[in-house]
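What follows is the residue order along each chain.
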Amino acid sequence: MRPVWPASGSPKSPVTVLSLSQDESLLAAVSSGRLYIFRSKDLHKGLCESVWEIGTEVDIVHMSWDPKDSGMLALLGTSGELLLADVQQGSLKKVADDLEITCFAWSPLGCSLAVGVDDCLKIYSTSSESFSESIKMACTDAQETAGISLRVDGIFWMKENSICVTCEEINN
């Protein structure tokens, strides 16, 4: 997956997801299998910085810019696909498409992504481009007795070495 150059105009179909970079200089929009990147200062002109073909097989439901504005954008598909777009390098790659990722969050320094996969929290390092840690969420004895399992449904980094995780109870 790579940018379609030159970038041609604005989306012709409805935009389904938007994300503004931390410094508000870039706006990402997803529409009909394409990722559009706009410079905020050029929005009124309808000028698009770049366009990526994602394909219609990946339906993006959430995306988020890295917190340090290095031009990295993480995108999550409905089937749990995780993609990373590097706007400065002009690359878009699948990080994971064999995991059913439920949610993700950037670390405060933008070096890692914490992702929820069923009842696990996994840490993806952007520098090594691999998952480095996996932490399984544990049910209480009462939950296990009642046949309840957990699914990670929310992640928030408190600081670089501290993460808050919320889980949904699933009746088996």
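Our subject is the structure listed above.
Nothing here was measured: the structure is a model prediction, and the numbers come from that model. Position labels on residues start from 1 in each chain and follow its written sequence. The predicted nature of this model means local features are confined to residues of pLDDT at least 70 and side-chain atom pairs, given and counted, to a pLDDT of 80 or more, with totals for whole chains, interfaces and linings taken over all residues. As a rule here, side-chain values come from all non-hydrogen atoms in the structure, and water together with hydrogens is ignored.

Undergrad: Would you mind going over the overall build of the protein with me for this structure?
TA: For the protein, the helix and strand inventory stands at one helix and 15 strands. With respect to the principal axes defined by its C-alpha atoms, the protein has extents near 60 × 30 × 25 Å. Working definition: with a 1.4 Å probe on protein chains only, accessible area under 20% of the residue-type maximum means buried, over 50% means exposed, and in between means partly exposed. Residue burial in the protein is summarised as follows: out of 172 residues, 44% are buried. Two residues qualify as a contact provided that any one of their heavy atoms is within 4.5 Å of a heavy atom in the partner residue. Taking as baseline every contact in the protein between residues at least 6 positions apart, the subset at least 24 positions apart corresponds to 39%. When charges are counted, Lys and Arg are positive and Asp and Glu negative, with His and the chain ends excluded. Each charge is placed at NZ for Lys, CZ for Arg, CG for Asp and CD for Glu. Between the centroid of the 13 positive side chains of the protein and the centroid of its 24 negative side chains there is a distance of 9 Å. Here a strand is any run of E in DSSP of at least two residues, a helix any run of H or I of at least four, and the numbering for each starts at the N terminus.

Undergrad: I tried to follow unusual backbone geometry on my own but got confused; where do I start?
TA: Keep in mind that most residues, glycine aside, have a negative phi and that most peptide bonds are trans. Backbone geometry at Ser32 places phi at a positive 45 degrees, although glycine is not the residue there. Tracing the chain through its elements places Ser32 in the loop between strand 3 (26-31) and strand 4 (34-39). Judged by relative accessible area, which is 49%, Ser32 ranks as partly exposed.

Undergrad: Sorry if this is basic, but what is going on with the sheet that holds strand 12 (residues 120-125) here?
TA: Pairing between sheet strands relies on hydrogen bonds along the backbone, with the strands arranged either parallel or antiparallel. Between any two strands, pairing holds if DSSP finds at least two bridges. The four strands lie next to each other as 10-11-12-13, forming an open sheet whose pairing is antiparallel. The open sheet terminates on both sides in strands that have one partner only, identified here as strand 10 (101-106) and strand 13 (130-136). Within this sheet the neighbouring strands show an average axis-to-axis angle of 20 degrees, counted without direction. For strand 11 (residues 112-117) and strand 12, the ladder comprises six bridges, and the chain directions are antiparallel. Within strand 12, the residue paired with Ala114 across the bridge is Ile123. Only the stretch in contact is used when a helix axis is fitted, and all axes are lines through C-alpha atoms; the angle between N-to-C directions ranges over 0 to 180 degrees.

Undergrad: Sorry, what's going on with the pattern of salt bridges here?
TA: Salt bridge, as used here, is a side-chain nitrogen of Lys or Arg placed within 4 Å of a carboxyl oxygen of Asp or Glu. In this structure the tally under the stated criterion is four salt bridges. Between Glu129 and Lys93 there is a salt bridge, with its nearest N and O atoms 2.5 Å apart. You can see Glu129 sitting in the loop between strand 12 and strand 13 and its partner Lys93 sitting in strand 9 (residues 91-96), a full 36 residues away along the chain. Between Lys136 and Asp119 there is a salt bridge whose closest N-O contact spans 2.2 Å. Note that Lys136 is positioned in strand 13 and Asp119 in the loop between strand 11 and strand 12, a separation of 17 residues in sequence.

Undergrad: For this particular structure, what's the right way to read the environment of Gly154?
TA: Position of Gly154 relative to the elements: it lies in strand 14 (residues 148-159). According to the relative accessible area criterion, Gly154 is buried, its value standing at 15%. Residues contacting Gly154, with those up to four places away along its chain left out, are Cys103, Cys164, Val165 and Thr166.

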